[in-house]
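Single-letter residue listing:
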Amino acid sequence: MIQIAVLGYGTVGSGVVEVIETNQESINKKAGQEINIKYVLDLRDFPGNPIQEKIVHDYEVIANDPEIQIVVEVMGGVEPAYTFVKRALESGRCVCTSNKELVAKHGPELMAIAQEKHCNFLFEASCGGGIPIIRPLNSSLTADVLDEVSGILNGTTNYILSKMESDGSSFEAALKDAQERGYAERNPEADVEGYDACRKIAILSSLAFGHHVDYEDIYTEGITKITASDIKCAKVLGYRIKLVATCKQVKDQYYTMVCPVMVDGEDPLYGVNDVFNAIFVHGNMLGDAMFYGSGAGKRPTASAVVADVVDAAKHLNCTVMQKWSSQKLNLMDVSQVTHRYFVRMEGSLTRDIDQVESVFGQVRPAGVPDLSQEFCFVTKPMTEKEYEEKAAKFGTILNRIRVR
């Protein structure tokens, strides 16, 4: 029997307990022996809940029990999760976590400790929720040289943008609806400002390219400036707006960005709507592949955590190799990254298009009947720096969105 401890009995922690109890027989067969939850660490008590008999309030109870072989960290945040996880690994225990903040900040260090102590630090649920992506990067795709990892990595923002498109809602109204449905937190900053997606793409790109990508070095732009007018213009031009996180190789350098982008009907991300996520990978032999599914939620995330528990149980005293060096990936300045740009501008299409093309060159213009005092256009490819220099010549630009 393998005894495990679960740190945190919130949404994901309770989901981990539910998955193990519901699928106990199947999980035990796949692990090769019985997996039993001995402790659940939480500050709260749960009177009337069967879990109460396993609740402990002091991590020392877990740390000092030699029977515990696997620790499941689903507390969230960096501290005290980092301290608890580091201690568990240093004592030779495997750790499975869904904590993207912890992994993005301390991943290389914790993986190095796991390797030194012949145990495992596994974090499948930290990036795609229920979407399997880290295990494929470490195994199925190892024959390829990857040059791009990108995708929709946050279900909350994808729901908000889908809602704005489907019924013309404002950002504020769509956010309120997402909060009422439980898709967005009371404080939604991490989602809507792009910070959640930023940490996820930092983890994925570090694994895909083997060198550390510091999330603090990633250009990050959220969706708070997207308006119903932007959505209307995008529809006229045949686009949808998505918050996309990207790490892509350009010659011998890489760029990483999290920002709203416009995608057309030929893009695989075009049909990814509501709370669903999708992760796109391109390899020199594989070509294109996309991993699609529920990127968050209690049961999908817990399912991915428990899959790591099974993997850890099958590899006790043996480290599952993951390529993630502490050496930083060579990131190019985003001012040199090339995109096309959607631009929404005050004015009249018939009156102002000549001036626009005298600055931006030939563009793809469009007028929107509902927006009589505005028009929009899509530029040819140019660097971020070139765009900013050209845009500075106008005082009437209302918004710009990159086109994928």
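Residues numbered from 1 in each chain as written. Predicted model: local features only at pLDDT ≥ 70, side-chain atom pairs only at ≥ 80, totals over all residues. Heavy atoms only, no water.

Labelled according to an unreviewed UniProt entry, the protein appears under the name Homoserine dehydrogenase, originating from Candidatus Egerieimonas intestinavium. You can read under Sequence similarities (unreviewed entry) in the UniProt record for the protein the words "Belongs to the homoserine dehydrogenase family." (UniProt positions renumbered as here; feature names shortened; annotations may be inferred.)

S.K.: When you look at the UniProt feature "binding site: NADPH" (unreviewed entry) in the protein in this model, what are you seeing that I'm missing?
M.R.: In the UniProt entry, the feature "binding site: NADPH" (unreviewed entry) is given for K100. Residues in contact with K100, not counting those within four places in the same chain, are S126, D196, R199, K200 and I203. (Contact = heavy atoms within 4.5 Å.)

S.K.: Is there a simple way to explain the environment of L110 in this structure?
M.R.: The topology assignment puts L110 in helix α5 (residues 100–116). Under the relative-accessibility criterion, L110 is labelled buried at 0%. Separated by 10 residues in the primary sequence, L110 and N120 place their C-alpha atoms 9.2 Å from one another. (Helix = DSSP H or I, 4+ residues; strand = E, 2+ residues; numbered from the N terminus. Buried < 20%, exposed > 50% of the residue type's maximum accessible area, 1.4 Å probe, protein only.)

S.K.: Hey, could you run me through the sheet that holds strand β3 (residues 55–56) in this one?
M.R.: Pairing between the strands of a sheet is mediated by backbone hydrogen bonds and can be parallel or antiparallel. Strand order across the open sheet formed by six strands is β3-β2-β1-β4-β5-β6, with parallel pairing between neighbours. Either end of the sheet is taken by a strand with one partner, and the two such strands are β3 and β6 (121–122). Pairing analysis gives two bridges linking strand β2 (residues 35–41) to β3, with the strands arranged parallel. Paired with V40 across the two strands is I55, which belongs to β3. Helix α1 (residues 11–22) rests against β1 (2–7), β2 and β4 (68–73) of the sheet, and its axis sits at about 160° to β2. (Pairing = 2+ DSSP bridges. Axes fitted to C-alpha atoms, helices over the stretch in contact; angles between N-to-C directions.)

S.K.: Is there a simple way to explain helix α8 (residues 155–167) in this structure?
M.R.: Each turn of an α-helix holds 3.6 residues, which means side chains three or four residues apart point in the same direction. Relative to the 18 Å expected for 13 residues at 1.5 Å per residue, α8 spans 18 Å between its end C-alpha atoms, a close match to the ideal helical length. Taken across its 13 residues, α8 has 11 buried, putting it largely inside the fold. G155, T156, T157, N158, Y159, I160, L161, S162, K163, M164 and E165 are the residues of α8 that are buried. Buried residues in α8 make contact with β7 (146–152), α9 (171–180), α10 (189–192), α12 (228–236), β10 (239–250) and β12 (276–283). Downstream of α8 by a residue or two, G168 has a phi angle that is positive, lying close to 75°. (Expected span 1.5 Å × (residues − 1).)

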